[in-house]
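Structural overview
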Amino acid sequence: MQTEAKPKVLNRLNRIEGQVRGIGRMVEEDRYCVEVLTQLQAVRAALLRVENEVLKDHLDHCVMGR
């Protein structure tokens, strides 16, 4: 992974980790299911953005660099 993409990806993953811990607390607190589902969807969207960033870096660095 290229140097400039790595901090951005790690930052996003750290935020996602915090979101997932928050969802765990929501489940422990018996929060309303729709609220939990909303947060789960937000995590999925955030993971998709990370996936796209890693894929873009791969295409720019690993594929085009050959």
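These remarks concern the structure in this document.

Scoring rules and cut-offs
- Residues numbered from 1 in each chain as written.
- Predicted model: local features only at pLDDT ≥ 70, side-chain atom pairs only at ≥ 80, totals over all residues.
- Heavy atoms only, no water.
- Helix = DSSP H or I, 4+ residues; strand = E, 2+ residues; numbered from the N terminus.
- Rg over C-alpha atoms; globule rule 2.2 N^0.38 Å.
- Buried < 20%, exposed > 50% of the residue type's maximum accessible area, 1.4 Å probe, protein only.
- Contact = heavy atoms within 4.5 Å.
- Areas by Shrake-Rupley, 256 points an atom, 1.4 Å probe, with all protein chains shown as cover.
- Lys, Arg positive; Asp, Glu negative; His and termini not counted.
- Charge placed at Lys NZ, Arg CZ, Asp CG, Glu CD.
- Salt bridge = Lys/Arg side-chain N within 4 Å of Asp/Glu carboxyl O.
- Core = buried A, V, L, I, M, F, W, Y, C linked by side-chain atoms within 4.5 Å.
- Expected span 1.5 Å × (residues − 1).

Topic: the overall build of the protein chain
Helix and strand counts for the protein chain come out as 2 helices and 0 strands. Taken over the C-alpha trace, the protein chain has a radius of gyration of 15 Å; the compact-globule value for 66 residues is 11 Å, which it surpasses by more than 25%. Oriented by its inertia axes, the alpha-carbon framework of the protein chain measures out at about 50 × 15 × 10 Å. Expressed as a percentage of the 66 residues in the protein chain, the buried residues total 18%. Summarising the internal contacts of the protein chain: among those between residues at least 6 apart in sequence, 61% fall at separations of at least 24. Just so you have it, the protein chain exposes about 5,300 Å², and 57% of that area is on carbon and sulfur atoms. Charged side chains of the protein chain number 11 positive and 10 negative; the gap between the two group centres comes to 4 Å.

Notes on the pattern of salt bridges
For the structure on display, the rule yields 5 salt bridges. Residue R21 pairs with E17 through a salt bridge whose shortest N-O separation is 3.2 Å. Of this pair, R21 and E17 are both found in helix 1 (residues 5-28), 4 residues apart, which corresponds to roughly one turn of the helix. Residue R21 is classed as partly exposed on the basis of its relative accessible area, which comes to 48%. Among the salt bridges present, the one from D60 reaches K56, with a minimum N-O distance of 2.8 Å.

Concerning the side chain of E53
Take E53: it is sitting in helix 2 (residues 33-63). Judged by its relative accessible area of 17%, E53 is buried. E53 has contacts with A5, K8 and V9, leaving out every residue within four places of it along the chain.

A word on the nonpolar core
Judged by nonpolar contacts, V9, I16, I23, M26, V36, V43, A46 and V50 together constitute the single largest core of 8 residues. Elements with a contribution of two residues or more to this core: helix 1 and helix 2. Setting aside residues no more than four positions away along its own chain, I16 makes contact with V43, A46, L47 and V50.

Overview of helix 1
Here helix 1 spans 35 Å end to end across 24 residues, near enough to the 34 Å set by a 1.5 Å rise per residue. Of the positions making up helix 1, those classed as buried are A5, V9, I16, G22, I23 and M26. At its buried positions, helix 1 is contacted by helix 2. Backbone geometry just after helix 1 places D30 at a positive phi near 55°.

By themselves these figures say nothing about function.
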